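Close look at the chain arrangement
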Amino acid sequence: MDSRNDVSEFLRSRRAKVTPEQVNLIVGANRRVPGLRREEVATLASVSVDYYARLERGNLTGVSDEVLESIAHALRLDEAETAHLFDLARAAQPGPARRRRAVTPAQQIRPSLQRFMDAITGAPTWVRNERMDLITANPLGRALFSPLFTDPVRPVNNARFVFLNPESRNLYLDWEQGANDIVATLRGYAGRQPHNKGLSDLVGELATRSEEFRTRWAAHNVRFHRTGTKRMHHPVVGDLELSYEAMELPANPGWTMFAYTAEPGSASDERLKLLASWAATTASELAAPASISD
């Protein structure tokens, strides 16, 4: 990944999204720029035009946290965008090679983690890494996302499923929003780990094979994936509307656990119970091995 180019395109894309009216600037009627001009951002951030132009060319070397905060404020960046800007700046700083973070191999899932997940019988639960590889799931989680496991490509990967498997549009009722969220989440991870080969390889594969992915990747949007609602059409039980919560697993850096629940007494709640019954009767087929990434 080209870090300087990522910095440049990110700042330009954010600048284009901010209108003069949003920052209380008075402009003439013949303005052609869709968003703010460089000099306007520089003024709002209290830096020189030349200095901001250097930043927007992708050179964040030596930039202070105070300047980054000022730029974030001027561009009206949200929490995820501000964090991404700081990640890009950290990656741009010179210094000795960073020690690579140890990553627990997918096949070394702690038995205690799997027991914990299997003990959650009423909520589909799974764990994924920063590449969107599914590390493991409880039986109900595997049943809910069973269409992903029919693809013979391993490891099971939600980003690859969404952009390369037509069945994803049947499973995810809000496909467009889900696709946007996946790319924005991957973009954030890439900012923190610009030299992560596995992540770069996945992005390269999807950008080569999917115009839908390529267009979204070029938008440089980022977001945090913490909580929300997922609407799905399961091939066995039909439509489901589920709330999800995301929890990072500190013992496994980069791993995130997602748990899904339905509103008590709702149609989705009844269908989720039906799915649990279906999963139990097909336990021999759906029983998760020590790793579902092999």
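Residue indices follow the written sequence of each chain, beginning from 1 at its first position. Note on the predicted model: pLDDT of at least 70 is required for a residue's local features to be given, and 80 or more for side-chain atom pairs to be given and counted; whole-chain, interface and lining totals, by contrast, use all residues. Side-chain metrics in this entry use all non-hydrogen atoms of the structure; hydrogen atoms and water are not considered.

**Here we look at the confidence of the model for the chain**
A residue-level look at the chain finds 90% of positions with pLDDT of 70 or above and a mean pLDDT of 88. On a range of 0 to 100, pLDDT expresses the predictor's confidence in each residue. The criterion used for residue contact is that any of the two residues' heavy atoms lie within 4.5 Å. This stretch, residues 97-107, has a pLDDT under 50; its non-local contacts, to residues over four places away or in other chains, come to 15 contacts.

**Brief notes about the sheet that holds strand 2 (residues 134-137)**
A pair of strands is treated as paired once DSSP finds two or more bridges between them. Secondary structure elements are taken from DSSP: a helix is a run of H or I of four residues or more, a strand is a run of E of two residues or more, and numbering for both begins at the N terminus. Taken together, five strands build an open sheet; the order of strands is 2-1-5-4-3 and the sheet is antiparallel. Each edge of the open sheet carries a strand with a single partner, namely strand 2 and strand 3 (227-234). Direction aside, neighbouring strands of the sheet carry axes that sit 30° apart on average. Pairing of strand 3 with strand 4 (residues 238-248), which is carried by eight bridges, proceeds in the antiparallel orientation. By the bridge assignment, His-233 is partnered in strand 4 with Asp-239. To define axes, lines are fitted to C-alpha atoms, for helices over the stretch in contact only, and angles between the resulting N-to-C directions are given on a 0 to 180 degree scale.

**Describing the pairing of strand 1 (residues 125-128)**
Of the two faces of strand 1, the one holding Thr-125 and Val-127 and the one holding Trp-126 and Arg-128 are both buried throughout. Pairing analysis gives four bridges linking strand 1 to strand 5 (residues 256-261), with the strands arranged antiparallel. Among the inter-strand pairings, Trp-126 is bridged to a residue of strand 5, identified as Phe-258. Relative to strand 2, strand 1 runs antiparallel, the two sharing three bridges. Across the sheet, Val-127 pairs through a bridge with Thr-136, a residue of strand 2. Joining the antiparallel neighbours strand 1 and strand 2 is a turn of five residues, in which Met-132 adopts a positive phi near 75°. Exposure classes here rest on a 1.4 Å probe applied to the protein chains alone. A residue is buried below 20% of its type maximum, exposed above 50%, and partly exposed in between.

**Quick look at the side chain of His-234**
Examined against the element boundaries, His-234 turns out to sit in strand 3. Any pair of nitrogen or oxygen atoms within 3.5 Å is treated as a polar contact; in protein, a donor-acceptor pairing is required on top of that, and neighbouring residues in sequence qualify only through side-chain atoms on both sides. Here the side chain of His-234 touches Ala-143 through a polar contact of 2.7 Å, landing on its backbone oxygen. Excluding its chain neighbours within four sequence positions, the residues that come into contact with His-234 are Ala-143, Leu-144, Ser-146, Leu-240, Leu-275 and Trp-278.

**Describing the packing of aromatic side chains**
Note on aromatic contacts: the rings of Phe and Tyr and the six-membered ring of Trp form a pair at centre separations within 6.5 Å, being stacked when their planes are under 30 degrees apart, edge-to-face when over 60 apart, and tilted otherwise. One pass over the structure, following the stated rule, counts eight aromatic pairs. When the ring of Phe-163 is compared with that of Phe-213, the centres are 5.3 Å apart and the planes differ by 85°; the resulting orientation is edge-to-face. Pair noted here: Phe-163 is in helix 9 (residues 158-164) and Phe-213 is in helix 13 (residues 211-218), with a separation of 50 residues, a long-range link. The exposure classification of Phe-163 matches that of Phe-213, with both residues buried. Through successive ring pairs, a cluster of aromatic residues spans Trp-126, Phe-145, Tyr-244, Phe-258 and Tyr-260. Distance and angle both matter: a charge sits over a ring if NZ of Lys or CZ of Arg is within 6 Å of the ring centre and within 35 degrees of the ring normal. Taking the ring centre of Trp-217 as reference, the NZ or CZ of Arg-187 above it sits at 3.8 Å. It is Lys-230 that lies over the ring of Tyr-172; its NZ or CZ is 5.2 Å from the centre.

**Brief notes about empty space enclosed by the protein**
Cavity and pocket criteria rest on a 1 Å grid covering protein atoms alone: a 1.4 Å probe that fits but cannot get out defines a cavity, protein on both sides within 12 Å along at least 5 of 7 lines defines an open pocket, and an atom within 4 Å of a point defines a lining residue. Grid points are joined across faces, edges and corners, and a volume is the space filled by probe spheres set on the points. Summed over all chains, the structure comprises two cavities of 30 Å³ or more. Reported here for the largest cavity is a volume of approximately 70 Å³. What lines the largest cavity is a set of ten residues, and nearest its centre among them are Asp-6, Leu-88, Ala-190, Gly-191 and Pro-194. Elements with a contribution of two residues or more to the lining of the largest cavity: helix 1 (3-17), helix 5 (79-92) and helix 11 (175-192).

**Let's talk about the nonpolar core**
In terms of nonpolar packing, the biggest core is built from 41 residues, with Phe-145, Leu-148 and Phe-163 touching the most fellow members. Looking at this core, the element that brings in the most residues is helix 11, giving seven residues. Among all residues touching Phe-145, those that are not within four sequence positions of it are Trp-126, Tyr-172, Met-232 and Tyr-260. With 25 residues, the next largest nonpolar core counts Leu-36, Val-47, Leu-55 and Leu-77 among its residues. Only buried Ala, Val, Leu, Ile, Met, Phe, Trp, Tyr and Cys residues count toward a nonpolar core, and they belong to the same one when joined by side-chain atoms within 4.5 Å.

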